[in-house]
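# Structural features, examined
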Amino acid sequence: MSPAGDPMSGAGGPVGAAQDPANSDTVLVRKGAYHDSVTLMRISGALTALPGVAAAMVAMGTELNLGILRDLGFSVPAADPGDLLIAVRAHDPGAAVEEAERLLSSVRPPDGGSAEQPPLTTGSAARGGADLVLVSTPGEHAFAEAQDAVRAGLPVMIFSDGVPVAQERLLKELAESTDVLVMGPDCGTAVIGGVGLGFANVLSPGPVGVVAASGTGAQQVTSLLDWAGTGVSHVLGVGGRDLSAEVGGLSTLRALRMLDDDPATELIVLVSKPPSPGVAAAVREAVGRLRTPVVPALLPETDLTEAAERALRTLGRPVPEWPSWPAWSGRQTRAKTIKGVYSGGTLGAEAATVAGQGEFVDYGDDAYTRGRAHPMIDPTLRVEALAQAHESELVLMDVVLGHGADPDPAASLAHAVARTPATVVIALVGTEGDPQDLHRQAAAFREAGAAVFTSNAQAARHARSLL
């Protein structure tokens, strides 16, 4: 995913164009007209949905995007990564291009000729009084920006994926010398003092601090705690590779110390997929020196729901019945196999462990997100997976709510659920404060024929019971 950057300020008319009248294709190139990838993905989707439009893509002119356009059969003119491409195949391509221009102009900020020039580098931004740096660039460029932040003595959250593990280790070793925390790379979720970064649910303030080598794992635990009326102090993501032997848990150990020193944190939950044995031993030794109790949520030793329940009991708080919405009678039948269609890798791994069988795909993996937005934003691949499912299959999937995620996932996924011949069970991860309206989402999916659970582990157990 690309960061939100300078929009189309200074962009003029089409600089390059290629048309194929026989195919009604038009490709325009606007030099130096930058937009972030999420905005462009949504504009592309809006154009594709227009009557008479066979294909549409609005994207930056990276080699990957140029290749996608060629695969779609477009004749692509020369373009640089900083150029904006508008490609449409339609009965009336001119009207589609006009709509693309309208949508692009609607996200362009108002002209402010006298506005102060924003910082052009991470270093200059750091000197301007920043207290945290969020890096969301293509992975090959993330190291330099994060290094500038760490050298400036600022904590950094690296949303970017595709950063080599050797660079991650170097950044975290440098952070030790400057006494700051590196969250990431591939850190999708953090909550600092009530402010959510990346994919983040609306959470109440409370006594639980979370250290997470998993974004969706942290979202599941904190959402369940929120359902139980227990809030969080901070959620410190560390990146999915932090507990590997190559990285050595450097950010995990620092984050644990930080939460231990935080007077607002009474309990720490540590969330991760299976760590390296040597790193796990070092973390256990470090936990033994902390004043604050720590509840481990380490797959596959325990599932995330069990960890949330243990955290509540440690705090002396009651464990509620986790909300669920059974499928309408008559929709579900007994299936033969489970097909896991997940946007969160940890949620998928947890479901596979609990279900004990099936074929699970993590559509949030780097292999599926190159050139497209994360499946928590763009449902396309999972809609296709539902369309290809068979009557004998049970589709087990997650839908994750919160800031940064699809503003209305049921708008597209519920239709796909209703059309698939497979039985569908959904883990709906979110809180009642999330902007998508969790109860409305649950009702839409249930009406489409799915059984819905707020606990991913309970969803997987229910799926197993239907085999």
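Throughout this description, residue numbers start from 1 for each chain and increase along the sequence as written. For this predicted model, a pLDDT threshold of at least 70 governs which residues receive local features, and a threshold of 80 or more governs which side-chain atom pairs are given and counted, while totals over whole chains, interfaces and linings are taken from all residues. Heavy atoms throughout the structure, all of them, feed into the side-chain values; hydrogens and water do not.

Right, let's talk about empty space enclosed by the protein for a bit. Definitions used throughout: a 1 Å grid over protein atoms alone; a cavity as a set of points that fits a 1.4 Å probe which cannot get out; a pocket as an open set with protein on both sides within 12 Å along at least five of seven lines; a lining residue as one with an atom within 4 Å of a point. Grid points are joined across faces, edges and corners, and a volume is the space filled by probe spheres set on the points. Summed over all chains, the structure comprises five cavities of 30 Å³ or more. Here the largest cavity defines a volume of roughly 80 Å³. For the largest cavity, the full set of lining residues is Ser343, Pro375, Met376, Pro379, Arg382, Asp398, Val399, Val400, Asp406, Pro409 and Leu413.

To continue, consider the side chain of aspartate 398. Tracing the backbone through its elements, the reader meets aspartate 398 in strand S17 (residues 393-400). According to the relative accessible area criterion, aspartate 398 is buried, its value standing at 0%. At 2.8 Å, the side chain of aspartate 398 and the backbone nitrogen of serine 343 are in polar contact. Contact between two residues is taken to exist if any of their heavy atoms lie within 4.5 Å; hydrogens are not considered. Every residue in contact with aspartate 398, bar those within four places of it in the chain, is listed here: Val341, Tyr342, Ser343, Gly344, Leu347, Arg382 and Ala427. Numbering goes from the N terminus for both helices and strands, where a helix is a DSSP run of H or I of at least four residues and a strand is a run of E of at least two. The buried label applies to any residue whose accessible area, calculated with a 1.4 Å probe on protein chains only, is under 20% of its type's maximum; exposed applies above 50%, and partly exposed to all values in between. By the criterion applied in these results, polar contacts are pairs of N or O atoms within 3.5 Å in which, for protein atoms, one can donate a hydrogen and the other can accept it, and in which residues neighboring in sequence qualify only through two side-chain atoms.

Axes here refer to lines fitted to C-alpha atoms; in helices the fit is confined to the stretch in contact. Angles between the N-to-C directions go from 0 to 180 degrees. Viewed as axis vectors pointing N to C, helix H6 (residues 165-178) and helix H8 (residues 250-260) meet at an angle of 35°, and their least axial separation amounts to 9 Å. Between H6 and H8, the residues in contact are Arg169, Lys172, Glu173, Ala175 and Glu176 and Leu250, Ser251, Arg254 and Arg257, respectively. By residue class, the composition of the contact of H6 with H8 is two nonpolar, one polar and six charged. Residues are grouped as follows: Ala, Val, Leu, Ile, Met, Phe, Trp, Tyr, Cys and Pro are nonpolar; Asp, Glu, Lys and Arg are charged; every other residue, Gly included, is polar.

Before going further, it helps to spend a moment on H8. The element H8 is largely enclosed, with a buried count of nine among its 11 residues. All of the buried residues in H8 are Leu250, Ser251, Thr252, Leu253, Arg254, Ala255, Leu256, Leu259 and Asp260. Buried residues along H8 sit in contact with H6, strand S7 (182-183), strand S10 (205-212), strand S11 (232-237), strand S12 (267-272) and helix H9 (277-288).

Here, a salt bridge means any Lys or Arg side-chain nitrogen found within 4 Å of an Asp or Glu carboxyl oxygen. In the structure shown here, the tally under the stated rule is 19 salt bridges. Salt-bridge contacts for glutamate 168 lead to lysine 172; the nearest nitrogen and oxygen are separated by 2.8 Å. Taken as a pair, glutamate 168 and lysine 172 lie in helix H6 at a separation of four residues, close to a single helical turn. Here glutamate 168 matches lysine 172 in class, with each residue buried. When the shortest N-O distance is used, the salt bridge between lysine 172 and aspartate 242 registers 2.7 Å. Of this pair, lysine 172 sits in helix H6 while aspartate 242 sits in the loop between S11 and H8, and the two are 70 residues apart along the sequence.

Right, let's get into the sheet that holds strand S16 (residues 359-362). Within a sheet, adjacent strands bond to each other through the backbone by hydrogen bonds, running parallel or antiparallel. Across the sheet, which stays open at both edges, the six strands sit in the order S14-S19-S18-S17-S15-S16 with mixed pairing between neighbours. Strands with a single pairing partner mark the edges of an open sheet, and in this sheet they are strand S14 (324-325) and S16. In this sheet, strand S18 (residues 423-429) lies alongside S17 in parallel orientation, the contact comprising seven bridges. Within S18, the position partnered with valine 395 by the bridge is valine 424. Sheet strands touched by helix H16 (residues 456-465): strand S15 (337-342), S17, S18 and strand S19 (451-453). Its angle to S18, the strand with the most contacts, is close to 170°. A pair of strands is treated as paired once DSSP finds two or more bridges between them.

Examined against the element boundaries, arginine 419 turns out to sit in helix H14 (residues 410-419). On the accessibility criterion, arginine 419 (61% relative accessible area) is exposed. When the C-alpha positions of arginine 419 and alanine 387 are compared, they lie 7.3 Å apart, and in sequence the two are 32 residues distant.

This part covers H14. Of all the positions in H14, only Ala410, Leu413, Ala414, Ala416 and Val417 are classed as buried. Mapping the buried residues of H14 onto a view down its axis gives an arc of 160°, with all of them on the same face. Residues of H14 that are buried make contact with helix H13 (380-388), S17, S18 and helix H15 (438-447). The directions considered for the arc are those from the helix axis to the C-beta atoms.

Here we take up the nonpolar core. Think of a nonpolar core as a cluster: buried Ala, Val, Leu, Ile, Met, Phe, Trp, Tyr and Cys residues, connected wherever their side-chain atoms sit within 4.5 Å. Val269, Leu396, Ile426 and Phe445 are the most contacted members of the largest nonpolar core, which totals 103 residues. Here isoleucine 426 is in contact with Met397, Val399, Val417, Phe445, Ala450, Ala451, Val452, Phe453 and Ala459, once residues within four sequence places are set aside.

Turning next to the pairing of S16. Relative to S16, S15 is paired through four bridges, and the arrangement is parallel. Paired with tyrosine 342 across the two strands is aspartate 362, which belongs to S16. By the criterion used throughout, a crossover qualifies as right-handed when its path from the first strand across the helix to the second strand runs clockwise, the strands pointing away from the viewer. In terms of handedness, the path from S15 via helix H11 (residues 345-355) over to S16 forms a crossover that is right-handed.

So, about unusual backbone geometry. For residues that are not glycine, phi is negative in most cases, and the peptide bond is trans in most cases. Following glycine 184, the chain continues to proline 185 via a peptide bond in cis, the omega torsion being 5°. For proline 185, the location among the structural elements is in the loop between S7 and strand S8 (189-192). Of note, the amide linkage connecting leucine 299 to proline 300 takes the cis form, showing an omega dihedral of 0°. Here aspartate 437, not a glycine, exhibits a phi torsion of approximately 65°, which is positive. Residue aspartate 437 is classed as partly exposed on the basis of its relative accessible area of 37%.

This part takes up the packing of aromatic side chains. Each aromatic pair joins two rings of Phe, Tyr and Trp (for Trp, the six-membered one) with centres within 6.5 Å, and gets the label stacked for planes under 30 degrees apart, edge-to-face for over 60, and tilted for any other angle. Tallied over the full model, the rule gives three aromatic pairs. Between tyrosine 342 and phenylalanine 360, the aromatic rings sit 6.2 Å apart at their centres with planes inclined by 35°, giving tilted as the arrangement. Of this pair, tyrosine 342 sits in strand S15 while phenylalanine 360 sits in strand S16; the two residues are 18 residues apart in sequence, bridging distant segments of the chain. Judged by relative accessible area, which is 1%, tyrosine 342 ranks as buried.

In short, geometric facts, not functional conclusions.
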